[in-house]
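What follows is each chain in one-letter form.
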Amino acid sequence: MSEPAHDRSAVVGDPHRELHDRLIEAGLLFATPVQGLYGRSETYQEVVRALDAMVHRWALTLEATTIHVPPVLARSTFDATNYLQSFPDLMGSVHIFSGNDRTHAELVRRVEAGGDWQALLEPGEVVLSSAACHALYPMLSGRLPAGGRRFEVNGLCFRHEPSVDPARMQSFSMHEVVYVGDPDDAQQHRDRGLRVALARLAELGLEAEAVPANDPFFGRLGTALAASQLEEELKLEAVTPIFAGRERTAVVSANCHRDHFGQPFGIENDAGAPAHSACVAFGVDRITIALFARHGLDPSTWPNEVRSALFS
Ligand code: AMP
Ligand code: ZN
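The model shown is predicted, which means the values in this text are computed figures rather than measured ones. (Residues numbered from 1 in each chain as written. Chains lettered and ligands numbered in written order. Predicted model: local features only at pLDDT ≥ 70, side-chain atom pairs only at ≥ 80, totals over all residues. Heavy atoms only, no water.)

**Focus: the domain arrangement of the chain**
No. 1: In terms of domains, the chain is made up of domain 1 (5-92 + 130-311) and domain 2 (96-123).
No. 2: Here the C-alpha centre of domain 2 lies 37 Å away from the C-alpha centre of domain 1. (Domains from an automatic or database assignment.)

Structure (structure tokens):
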């Protein structure tokens, strides 16, 4: 059956599809059977490493502790973040097989018959990580020193948002700089961090602007949550144009959590009150895609200022 005309016009000239195809033809990304899931070339990964180093240099100036976190998160931590209440459609859960010989035989029978073998699995003790900073909070239960603490947290995240937009991946890298401690310092960390992020993006030749933002909260209740997050300016994003004629893309987010994590994880400031936290989250894959879109697909031809800001 032929495609209806309106569908075809949506595909022809789609800037998401166009950049997606160019990145794959150039051998920078490798497609998989799943949308938004890619292999990365060495050239691509060199840019990722350079961006990670750039964030790390900033974190060093804050005397932040560096933690590289795994791509999976303890299920108990996930439950305490309340992520499921707000973003059930984005999360992913890890299931495992813990049967015996009999259930194994049934498992294999179902696989070979193309049947529902997943029904024989059960939830494991981990879920896929939705945000790098989530792994940090259970490590901090207890009393913080005066002035709080700063951390740099880097890891792969999963979000179920299949898309042809190469800047919207299902598995992507997030490099965060987090403060945990007092309310005023949390706000200051967030605001300063966003300014630093904008300055770094400008050095990379990416024109970026800070805008108030909201998370994509799920469902009817989510509309109210998104409105109050916007109104209270808890989330700001650095947005940059990647696709001509389309909305700008968020490449960094700067978030005030208040005591959303301090409270459930029993983190206290030096006065014994629930700690406030704030994170500045660099979407390293997104910035990488933005750089290829802006400066071309061969980093050796990028402007000298950009190359020296990135690779020095
Ligand atoms: P968020 O926790 O939604 O504020 O995400 C932090 C940063 O991660 C965003 O500013 C993006 O740069 C990046 N990010 C979020 N979702 C995706 C995605 N699906 N693909 C690639 N990068 C993402
Ligand atoms: Zn975070």
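**Notes on the coordination of the zinc ion (ligand 2)**
No. 1: Taken together, Cys133 (SG), Glu176 (OE) and Cys279 (SG) make up the protein donors of the zinc ion (ligand 2), found 2.0 to 2.4 Å from the metal.
No. 2: Sequence spacing of the donors to the zinc ion (ligand 2): C-x42-E-x102-C. With Cys133 in the loop between strand S6 (122-128) and strand S7 (142-143) and Glu176 in strand S9 (residues 171-181), the pair connects residues that are 43 residues apart, well separated along the chain. As far as burial versus exposure is concerned, Cys133 and Glu176 are alike and both buried. (Donors = N, O, S within 2.8 Å, 3.2 Å for Na, K, Ca; no water. Helix = DSSP H or I, 4+ residues; strand = E, 2+ residues; numbered from the N terminus. Buried < 20%, exposed > 50% of the residue type's maximum accessible area, 1.4 Å probe, protein only.)

**Quick word on the environment of Arg149**
No. 1: Looking at where Arg149 falls in the secondary structure, it is placed in strand S8 (residues 149-158).
No. 2: For the pair formed by Arg149 and Cys133, sequence separation is 16 residues and the distance between their alpha carbons is 14 Å.
No. 3: One polar contact links Arg149 to Thr65, side chain to side chain, over a distance of 3.4 Å. (Polar contact = N/O pair within 3.5 Å; in protein donor to acceptor, adjacent residues only side chain to side chain.)

**Some words on helix H9 (residues 284-295)**
No. 1: With twelve residues, H9 extends 16 Å from end C-alpha to end C-alpha; this agrees with the ideal 16 Å at 1.5 Å per step.
No. 2: The set of residues buried in H9 consists of Val284, Asp285, Ile287, Thr288, Ile289, Ala290, Leu291, Phe292 and His295.
No. 3: Gly296 lies just past H9 and shows a positive phi near 105°. (Expected span 1.5 Å × (residues − 1).)

**A short note on the environment of Asp184**
No. 1: Structurally, the position occupied by Asp184 is in helix H7 (residues 183-203).
No. 2: Exposure remark for Asp184: the relative accessible area of 64% places this residue in the exposed category.
No. 3: Separated by 93 residues in sequence, Asp184 and Ser277 have C-alpha atoms that sit 9.9 Å apart.

**Regarding the packing of aromatic side chains**
No. 1: Going through the model one piece at a time under the given rule, you end up with eight aromatic pairs.
No. 2: Ring geometry for Phe87 versus Phe217: centroids 5.2 Å apart, planes at 25°, classification stacked. Of this pair, Phe87 sits in the loop between helix H5 (83-86) and strand S5 (93-96) while Phe217 sits in the loop between strand S10 (209-212) and helix H8 (219-231), and the two are 130 residues apart along the sequence. For the pair Phe87 and Phe217, a shared accessibility class is recorded, and that class is buried.
No. 3: Ring pairs connect the aromatic residues Phe78, Tyr83, Phe87 and Phe217, which therefore count as one cluster. (Phe/Tyr/Trp six-rings, centres within 6.5 Å; stacked < 30°, edge-to-face > 60°.)

**A word on the confidence of the model for the chain**
For residues with low pLDDT, the predicted coordinates do not support detailed interpretation.
No. 1: This prediction gives the chain a mean pLDDT of 95; 96% of its residues lie at or above 70.
No. 2: Every residue in residues 1-10 is under pLDDT 50, and counting partners more than four places away or in other chains gives one contact. (pLDDT = per-residue confidence, 0-100. Contact = heavy atoms within 4.5 Å.)

**Regarding the pattern of salt bridges**
No. 1: Here the structure, examined in full by the defined rule, presents eleven salt bridges.
No. 2: Where Arg248 meets Glu209, a salt bridge forms, and the shortest distance between an N and an O atom there is 2.5 Å. Here Glu209 lies in strand S10 and Arg248 lies in the loop between strand S11 (235-240) and strand S12 (249-258), a separation of 39 residues in the sequence.
No. 3: Judged by its relative accessible area of 40%, Arg248 falls in the partly exposed class.
No. 4: When its relative accessible area of 41% is taken as the criterion, Glu209 is described as partly exposed.
No. 5: In this structure, Glu232 and Arg258 form a salt bridge, with 2.6 Å as the shortest nitrogen-oxygen distance. With Glu232 in the loop between H8 and S11 and Arg258 in strand S12, this pair connects stretches of sequence that are 26 residues apart.
No. 6: Owing to a relative accessible area of 37%, Glu232 belongs among the partly exposed residues under this scheme.
No. 7: Look at the salt bridges and you will find they share partners, linking Glu106, Arg109 and Arg110 into a network. (Salt bridge = Lys/Arg side-chain N within 4 Å of Asp/Glu carboxyl O.)

**So, the pairing of S12**
No. 1: Of all the ten residues making up S12, nine are buried; the element is thus mostly covered by neighbouring parts of the structure.
No. 2: Bridge count between S11 and S12: six bridges; the pairing is antiparallel. Its bridge partner lying in S12, Lys235 is registered against Asn255.
No. 3: For S12 and strand S14 (residues 276-283), the ladder comprises six bridges, and the chain directions are antiparallel. In the sheet register, Val252 faces S14, and the bridge partner there is Phe282. (Pairing = 2+ DSSP bridges.)

**Details of unusual backbone geometry**
No. 1: Its identity as a non-glycine residue notwithstanding, Glu63 has a phi of 55°, on the positive side.
No. 2: With respect to the helices, strands and loops of the structure, Glu63 is situated in the loop between helix H3 (42-61) and strand S3 (65-68).
No. 3: Glu63 sits in the exposed class, given a relative accessible area of 72%.
No. 4: Located in the positive-phi region is Glu233, a residue other than glycine, with phi close to 50°.
No. 5: Note that Glu233 resides in the loop between H8 and S11.
No. 6: What makes Glu233 partly exposed here is its relative accessible area of 38%.

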